[in-house]
Amino acid sequence: MRRSVILAAVAAMSLSSLGCMGGMGAASAPTPADYASVLAEPSRPADDRARDAARHTAETLAFAQVRPGQKVADMIIGGGYFTRVFSAAVGPRGRVTAWQPAEFIAFQASYGESLTAVDALANVDGIRSPIAAPDFPAGLDLVFTAQNYHDLHLSIAPANTASRVNAAVFQALKPGGLYVVIDHHAVAGSPLTASNTVHRIDIEAVKREVLAAGFVLDGESDILANATDPLTANVFDGTIRGRTSQFMLRFRKPG
């Protein structure tokens, strides 16, 4: 983890997040409005803030029940968009673990650059490990993955990657901790090979796999659904990129 500089902007961002949500009671469910100050934090990159409306970021944070002081893992961070949001939302009393699979970093340098960038944030720990062996810390409140669960079934991954990762998530979470999965809808009944061909996955396949790891289904949301998506095009196809229909699932570790 890089700790060479603690940026003043990060400190300001964290204080802003505490001011935003400090009034949340432990038993009260957060609402999208609770995250207004987090999303408005000027230290967030302008490109990130420009994507908030389309990604329904405030609604997503509320669905994931993110709170100040939590320990959160962002699983397969991509460019780090949600890692930066979590850094702001959990504040200086919280920690964010950002995991980028080693295979992704080897495939494309930008994945490593994104991990290095978020690791420089004061409350973020960047980790890299094989895709089937995430090195999560213990005692997490939330493990979150957006648009990347299907990658656990890519041809580059061992056949048992999804079950190994789900088991690692289960082990890392506190009793009562949450596992939130967002991904691109595939046609119902699609085989897992759709992960390679169109980068989508059947929602029911995700449920089966995660429930098999010992989780219980705690909530679903269709806030990212798009009825005009035929669910058959590759998510990187220009005709649908950025407008795919996505599902949101929240699982809870019993206890």
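Residues numbered from 1 in each chain as written. Predicted model: local features only at pLDDT ≥ 70, side-chain atom pairs only at ≥ 80, totals over all residues. Heavy atoms only, no water.

**Q** How should I be thinking about the packing of helix α3 (residues 46–55) against helix α5 (residues 81–90) in this particular structure?
**A** A packed helix pair is summarised by two numbers, namely the angle formed by the two axes and the spacing between the axes. Orientation of α3 relative to α5, taken along the N-to-C sense of each, is 95°, at an axis distance of 11 Å. Taken together, α3 and α5 sit at an angle that is classed as roughly perpendicular. In contact with D48, R51, D52 and R55 of α3, α5 contributes Y81, F82 and R84. Residues belonging to the contact of α3 with α5 are distributed by class as follows: 2 nonpolar, no polar and 5 charged. (Axes fitted to C-alpha atoms, helices over the stretch in contact; angles between N-to-C directions. Helix = DSSP H or I, 4+ residues; strand = E, 2+ residues; numbered from the N terminus. Parallel < 35°, antiparallel > 145°, perpendicular 65-115°, else oblique. Contact = heavy atoms within 4.5 Å. Nonpolar A, V, L, I, M, F, W, Y, C, P; charged D, E, K, R; others polar.)

**Q** Looking at this structure, how should I read α3?
**A** Note: α-helices contain 3.6 residues per turn, so residues at a spacing of three or four share the same orientation. For α3, the set of buried residues is D48, D52 and R55. Angular distribution of buried residues about the axis of α3 spans 90°; they occupy a single face of the element. Exposed and facing more than 90 degrees away from the buried side of α3 are D47, A50, A53 and A54. At its buried positions, α3 is contacted by α2 (36–40), α4 (57–64), α5 and β4 (140–146). One or two residues past the end of α3 sits H56, with phi positive at roughly 50°. (Buried < 20%, exposed > 50% of the residue type's maximum accessible area, 1.4 Å probe, protein only. Arc of directions from axis to C-beta.)

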